[in-house]
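Reading the structure
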Amino acid sequence: MQQESEATYEELHQQAEALRADAETAFLNNDLQKAKQKRSEAAEKEEHAFERTPTENKKARGTIALSAVTLYYLGRDRDNTLRCGQDYLRDKSIDKRSKEIIESLLEEAWGWDRN
């Protein structure tokens, strides 16, 4: 496996997907702390993948951005959901549909308690 500094956006996205699967397994086994940790790790991988995705590839950028926000959202990480989502909404290289879904996740996350 390549070091993250050498990995392509596709490889980072695949790594994030593996972490997402680990998170879902942990969730199904009622290990909520591990599920949250794995979702957070996966979201961070997606953020790194996004940085490496060519700006002209709007669909891939949208998919990866949506994945990152969704992972923070599923982990009930309000601050990172909002931070990440707001950053992506300002990015002109993300497709419209992904932005619409990100917006709806942010609207819901705004209502969560800050604890």
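Before reading on, note that the structure itself is shown above.
Residues numbered from 1 in each chain as written. Predicted model: local features only at pLDDT ≥ 70, side-chain atom pairs only at ≥ 80, totals over all residues. Heavy atoms only, no water.

**Remarks on the packing of helix H3 (residues 58–74) against helix H4 (residues 78–90)**
The geometry of H3 relative to H4 is characterised by a closest axis approach of 8 Å and an angle of 165 degrees between their N-to-C directions. Our classification of the angle between H3 and H4 gives roughly antiparallel. Two packed elements cross with a definite hand, and for H3 against H4 that hand is left-handed. Here Ala 65, Ala 68, Val 69, Tyr 72 and Tyr 73 of H3 come into contact with H4, specifically with Asn 80, Thr 81, Arg 83, Cys 84, Gly 85 and Tyr 88. (Axes fitted to C-alpha atoms, helices over the stretch in contact; angles between N-to-C directions. Helix = DSSP H or I, 4+ residues; strand = E, 2+ residues; numbered from the N terminus. Parallel < 35°, antiparallel > 145°, perpendicular 65-115°, else oblique. Left-handed = near helix turned anticlockwise from the far one by under 90°. Contact = heavy atoms within 4.5 Å.)

**What about the pattern of salt bridges?**
Counted according to the given criterion, the structure contains eight salt bridges. Between Arg 39 and Glu 24 there is a salt bridge; the shortest N-O distance is 3.0 Å. Highlighted residues: Arg 39 in helix H2 (residues 32–52) and Glu 24 in helix H1 (residues 9–28), separated in sequence by 15 residues. A residue is classified by how much of its surface remains accessible, and Arg 39, at 7% relative accessible area, is buried. Across the pair Arg 90 and Asp 87 runs a salt bridge whose closest N-O atoms are separated by 2.7 Å. In this pair, Arg 90 and Asp 87 both sit in helix H4, three residues apart, roughly one turn of the helix. Judged by relative accessible area, which is 37%, Asp 87 ranks as partly exposed. (Salt bridge = Lys/Arg side-chain N within 4 Å of Asp/Glu carboxyl O. Buried < 20%, exposed > 50% of the residue type's maximum accessible area, 1.4 Å probe, protein only.)

**Focus on H4**
Here H4 is 13 residues long and its end C-alpha atoms lie 18 Å apart, about the 18 Å a rise of 1.5 Å per residue gives. Of the positions making up H4, those classed as buried are Arg 78, Thr 81, Leu 82, Cys 84, Gly 85 and Tyr 88. On the buried face of H4, the contacting elements are H2, H3 and helix H5 (96–110). (Expected span 1.5 Å × (residues − 1).)

**Things to note about the packing of H2 against H3**
Contact geometry of H2 with H3 gives a least axis separation of 8 Å together with a crossing angle of 160 degrees. In terms of orientation, H2 and H3 fall into the roughly antiparallel class. In this structure, H2 crosses over H3, and the sense of that crossing is left-handed. Facing Arg 39, Ser 40, Ala 42, Ala 43, Glu 44, Glu 46, Glu 47, Ala 49 and Phe 50 of H2, the residues of H3 in contact are Arg 61, Ile 64, Ala 65, Ser 67, Ala 68, Leu 71, Tyr 72 and Leu 74.

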